[in-house]
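As a plain string of letters, each chain reads:
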Amino acid sequence: MKREKPRTIINRRLKSTLPKAANDPKAAREFLEQLYIYEDIFYIDDDTLEMIKEYSKKGNSYAHFAYARYHACTSPAEDSQNIAMEYYKKAYANGIADAGIGMALATYYGRGCQPNRERYKELIEEARAAGSRFATYLIIRETLYGWRKRQMNPGKSLTMINKLIQQDGEESIVWNSLKAKAIETIYGLSAATPYIEKVAEKGSISGWDRLFIARSYHDDLERHDKEIFNKEIKRAMEMESGLAYFLKAELNEYNEESVPLLEKAFKLGDDGAACRIGDLYFYHLEKDENPFRKAQEYYLKGFKYDNSLCAEKLVEMWEKGYAELDESTLENIIIVGARMDSERLIVKAVERYREGGMEQYAQEIEKYFVPDYDKLKDTEFEEYFPDMPDDDGRNDAYA
């Protein structure tokens, strides 16, 4: 029997549960939990989005949350982050505790509002006290990876996950996705494979993004034989795994098919693919009469999704004369990168501020980044773009 694609399962799940969510706690939980997994948001089809918008117009608070989450993750419009915050607030005011987590994340990073890390913590606790399972999901992920200043403790995360699975049963896609990540982090790919398989079977693209790797690589990430890999990556691409498209491009050693593969990966939510395309143009592996302009274009695309590596490369391109950025755009790139915990951009933000720049971010820099500066200021960061020979003017910006 032909396996259904995650896209089909994700959209069917959202469409079937939204009409019942307001009056059916099980449907409400299933609808909300489908929206926790970031990677899956990129697979929401136009007709599902139209349904969400229609329900939102009628005042449905679950639809408000879905619409906010869609804009927050995929940024389809210039003002997507403002739209996301507006609809998170609507949902939160109407009893959707999970929307408090969307507001919290926006508040931490300054998306659609001023950054406020103290308020971020308060919103998490408020949402958790109001019964938000998204709050628990977020806390487990932060504890697993040490994100957003939370102390890293994978073992503690796994204990929390096991308790939740024991409480809720084996069917929850979100707790199983977290268990797969925790097992892989602690014990390696081999041990995590059964859990990754379960997540893929339940229709999350996050499972397919890891399954072909789990079946094709050893724990030390040395690849199995080529035949197994080719079989598994082909199936993952059929399931629309963005990571599979990304790795296919990398393993092709950047031949003429690389950019279309990476474009597909980017469209499926892999912001790192935009960064890789930028690299291809910068180093002229992809022919173009304005390679630096193209590189900047793709780094900016990745930056739109808060890819800190793209932010770092844009700043270095500007410093070396390969990018054209006005002062406002440059400083925005630096501060967003710093908010995403880029150590080199934390240093850049503080040093530029002390030289008289970054004035509009002064309070934020003093409060959140100056304390980290002393332990980072002497770090020697490797250059992404070592000086290139310039014998014919080709390497001048936009030659």
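Look up: the structure comes first, before these words.
Treat the numbers as computed from the prediction; the structure is a model and nothing was measured.

Participant: Explain helix α4 (residues 46–57) to me, please; I cannot follow it from the model alone.
Facilitator: Note that an α-helix has 3.6 residues per turn; residues three or four places apart therefore point the same way. Relative to the 16 Å expected for twelve residues at 1.5 Å per residue, α4 spans 16 Å between its end C-alpha atoms, a close match to the ideal helical length. Of the positions making up α4, those classed as buried are T48, L49, I52 and S56. Down the axis of α4, the sector holding all buried residues measures 100 degrees, keeping them to one side. Away from the buried face of α4 by more than 90 degrees, exposed residues D46 and K57 are located. Considering only its buried residues, α4 is in contact with α1 (6–17), α5 (61–74) and α6 (80–93). Phi turns positive, to about 90 degrees, at G59, one or two residues after α4.

Participant: Is there a simple way to think about the pattern of salt bridges in this case?
Facilitator: Pairing between side chains of opposite charge can happen when the charged atoms of each approach one another. Across all of its chains, the model carries 39 salt bridges by this definition. Put simply, E312 and R344 hold a salt bridge, and the shortest N to O gap is 3.5 Å. Here E312 is found in helix α19 (residues 308–319), whereas its partner R344 is found in helix α21 (residues 343–354), with 32 residues between them in sequence. The salt bridge partner of K320 is E383, with a shortest N-O separation of 3.4 Å. One end of the pair, K320, is in the loop between α19 and α20 (327–339); the other, E383, is in the segment after α22 (362–376), and 63 residues separate them in sequence. Accessibility expressed as a relative area gives 42% for E383, which makes it partly exposed. One connected set of salt bridges, linked through shared partners, spans R7, D45, E240 and K264.

Participant: Any chance you could explain the nonpolar core here in plain terms?
Facilitator: When a protein is soluble and globular, its nonpolar side chains tend to lie buried together. By size, the foremost hydrophobic cluster in this structure holds 131 residues, and its most contacted members are F65, F212, Y299, M317 and I365. Once you skip the residues sitting within four places of it in the chain, M317 turns out to touch F282, F292, A295, Q296, Y299, Y322, A323 and F385.

Participant: What is the right way to read unusual backbone geometry from this model?
Facilitator: Among all residues save glycine, negative phi is the norm, and among peptide bonds the norm is trans. Despite not being glycine, E240 shows a phi value in the positive range, around 70 degrees. Classification of E240 as buried rests on a relative accessible area of 10%. Non-glycine residue M358 carries a positive phi angle of around 55 degrees. For M358, a relative accessible area of 0% gives the class buried.

Participant: I tried to follow the packing of aromatic side chains on my own but got confused; where do I start?
Facilitator: Each pair of aromatic rings is reported with the distance of its centres and the angle of its planes. Applying the stated criterion across every chain yields a total of 22 aromatic pairs. Measuring from centroid to centroid gives 5.7 Å for Y36 and Y137, while their planes differ by 40 degrees, and the two rings are tilted. With Y36 in the loop between α2 (25–34) and α3 (38–41) and Y137 in helix α9 (residues 133–145), the pair connects residues that are 101 residues apart, well separated along the chain. Owing to a relative accessible area of 2%, Y36 belongs among the buried residues under this scheme. Given a relative accessible area of 4%, Y137 falls into the buried group. Among the aromatic residues, ring-to-ring pairing joins F282, Y283, F292, Y299, Y322, Y384 and F385 into one connected group. The residue whose ring lies beneath K90 is Y87, and the NZ or CZ to ring-centre distance is 4.3 Å. A cation sits over an aromatic face here: R117 above Y368, 4.9 Å from the ring centre.

Participant: Looking at this structure, I do not really get the packing of helix α10 (residues 154–168) against helix α11 (residues 173–187). What am I missing?
Facilitator: For any two helices packed against each other, one specifies the inter-axial angle together with the distance between the axes. Packing of α10 against α11 brings their axes to within 9 Å, and their N-to-C directions diverge by 150 degrees. Between α10 and α11, the angle is such that the two are roughly antiparallel. Along this stretch, α10 crosses α11, giving a crossing that reads as left-handed. Facing α10, whose interface residues are P154, G155, L158, I161, N162, L164, I165 and D168, α11 presents W175, N176, L178, K179, A182, I183, T185, I186 and Y187. Its residues assigned to classes, the contact of α10 with α11 shows eleven nonpolar, four polar and two charged.

So, how was this worked out
- Residues numbered from 1 in each chain as written.
- Predicted model: local features only at pLDDT ≥ 70, side-chain atom pairs only at ≥ 80, totals over all residues.
- Heavy atoms only, no water.
- Helix = DSSP H or I, 4+ residues; strand = E, 2+ residues; numbered from the N terminus.
- Expected span 1.5 Å × (residues − 1).
- Buried < 20%, exposed > 50% of the residue type's maximum accessible area, 1.4 Å probe, protein only.
- Arc of directions from axis to C-beta.
- Contact = heavy atoms within 4.5 Å.
- Salt bridge = Lys/Arg side-chain N within 4 Å of Asp/Glu carboxyl O.
- Core = buried A, V, L, I, M, F, W, Y, C linked by side-chain atoms within 4.5 Å.
- Phe/Tyr/Trp six-rings, centres within 6.5 Å; stacked < 30°, edge-to-face > 60°.
- Lys NZ or Arg CZ within 6 Å of the ring centre and 35° of its normal.
- Axes fitted to C-alpha atoms, helices over the stretch in contact; angles between N-to-C directions.
- Parallel < 35°, antiparallel > 145°, perpendicular 65-115°, else oblique.
- Left-handed = near helix turned anticlockwise from the far one by under 90°.
- Nonpolar A, V, L, I, M, F, W, Y, C, P; charged D, E, K, R; others polar.

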